[in-house]
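The chain contents come next:
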Amino acid sequence: MAGNIQTEIEKLKKQIVYLGMAVQENMQNSIKALWGKNPDLARQVIATDKGEIDSMEISVEEECLRLLALHQPVAGDLRFIVTVLKIDN
């Protein structure tokens, strides 16, 4: 079981990193839209935030709650999952 949770935590790490990269890219695009006065890019940023990013946020939160419920992690694993929940929010 300990090996199984470690595999799932690695998957969670990849999800939160991917989410962070998507948010960073969207933030850069929002700055470009603002400075360039580009309403089309601004609409794309809003759509990406409401679609892809919100979906990833929900997925990460559900995965954290699933890990907490099924594996009842302790110590470092618990701290990591709680940290991911805070980052995700």
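All values derive from a computational prediction rather than experimental measurement. (Residues numbered from 1 in each chain as written. Predicted model: local features only at pLDDT ≥ 70, side-chain atom pairs only at ≥ 80, totals over all residues. Heavy atoms only, no water.)

K.L.:
Break down the overall build of the chain for me, citing the residues and quoting the values.
P.N.:
In terms of helices and strands, the chain carries three helices and zero strands. Overall, the chain shows an N-to-C arrangement of helices and strands of α-α-α. In terms of C-alpha radius of gyration, the chain reaches 16 Å, well past the compact-globule figure of 12 Å for 89 residues. Taken along its principal axes, the extent of the C-alpha atoms in the chain is 50 × 20 × 20 Å. Contacts spanning at least 24 positions in sequence make up 73% of the contacts within the chain whose residues lie at least 6 apart. Accessible surface computed for the chain: about 6,200 Å², of which carbon and sulfur atoms make up 60%. Positive and negative side-chain charges of the chain, numbering 10 and 13 respectively, have mean locations separated by a distance of 5 Å. (Helix = DSSP H or I, 4+ residues; strand = E, 2+ residues; numbered from the N terminus. Rg over C-alpha atoms; globule rule 2.2 N^0.38 Å. Contact = heavy atoms within 4.5 Å. Areas by Shrake-Rupley, 256 points an atom, 1.4 Å probe, with all protein chains shown as cover. Lys, Arg positive; Asp, Glu negative; His and termini not counted. Charge placed at Lys NZ, Arg CZ, Asp CG, Glu CD.)

K.L.:
Please give an account of the pattern of salt bridges that cites residues and values.
P.N.:
Two side chains with opposite charge may pair up if their charged atoms get near one another. Evaluated as defined, the whole model comprises four salt bridges. Across the salt bridge formed by Lys 13 and Glu 10, the nearest N and O atoms sit 3.2 Å from each other. Taken together, the residues Lys 13 and Glu 10, both in helix α1 (residues 2-36) and three residues apart, mark about one turn of the helix. Of the residues examined, Lys 13 reaches a relative accessible area of 33% and is grouped as partly exposed. According to the relative accessible area criterion, Glu 10 is partly exposed, its value standing at 39%. Through salt bridges that share partners, Glu 8, Glu 63 and Arg 66 make up one connected network. (Salt bridge = Lys/Arg side-chain N within 4 Å of Asp/Glu carboxyl O. Buried < 20%, exposed > 50% of the residue type's maximum accessible area, 1.4 Å probe, protein only.)

K.L.:
Hey, could you go over the nonpolar core for me, with residue numbers and the actual values?
P.N.:
Counting 13 residues, the largest nonpolar core has Leu 12, Leu 19, Val 60, Cys 64 and Val 84 as the members making the most contacts within it. Elements that contribute at least two residues to this core include exactly α1, α2 (39-71) and α3 (75-88). Ranked by residue count, the leading element in this core is α1, at six residues. For Val 84, the residues in contact, after removing those within four places along its chain, are Leu 12, Ile 16, Val 60 and Cys 64. (Core = buried A, V, L, I, M, F, W, Y, C linked by side-chain atoms within 4.5 Å.)

K.L.:
I'd like a description of the environment of Ile 81, backed by residues and values.
P.N.:
Its place among the elements puts Ile 81 in helix α3. Among residues more than four places away in sequence, those in contact with Ile 81 are Leu 12, Cys 64, Leu 67, Leu 68 and Pro 73.

K.L.:
So what's going on with a nonpolar patch on the surface? Which residues, and what values?
P.N.:
On the surface, a nonpolar cluster with roughly 520 Å² of combined accessible area is contributed by Met 27, Ile 31, Leu 34 and Trp 35. Secondary-structure assignment places Ile 31 in helix α1. (Patch = residues over 30% accessible without salt bridge, like charges linked within 9 Å, V, L, I, M, F, W, Y side chains within 5 Å.)

Remember that the coordinates give geometry; whether it matters functionally is a separate question.
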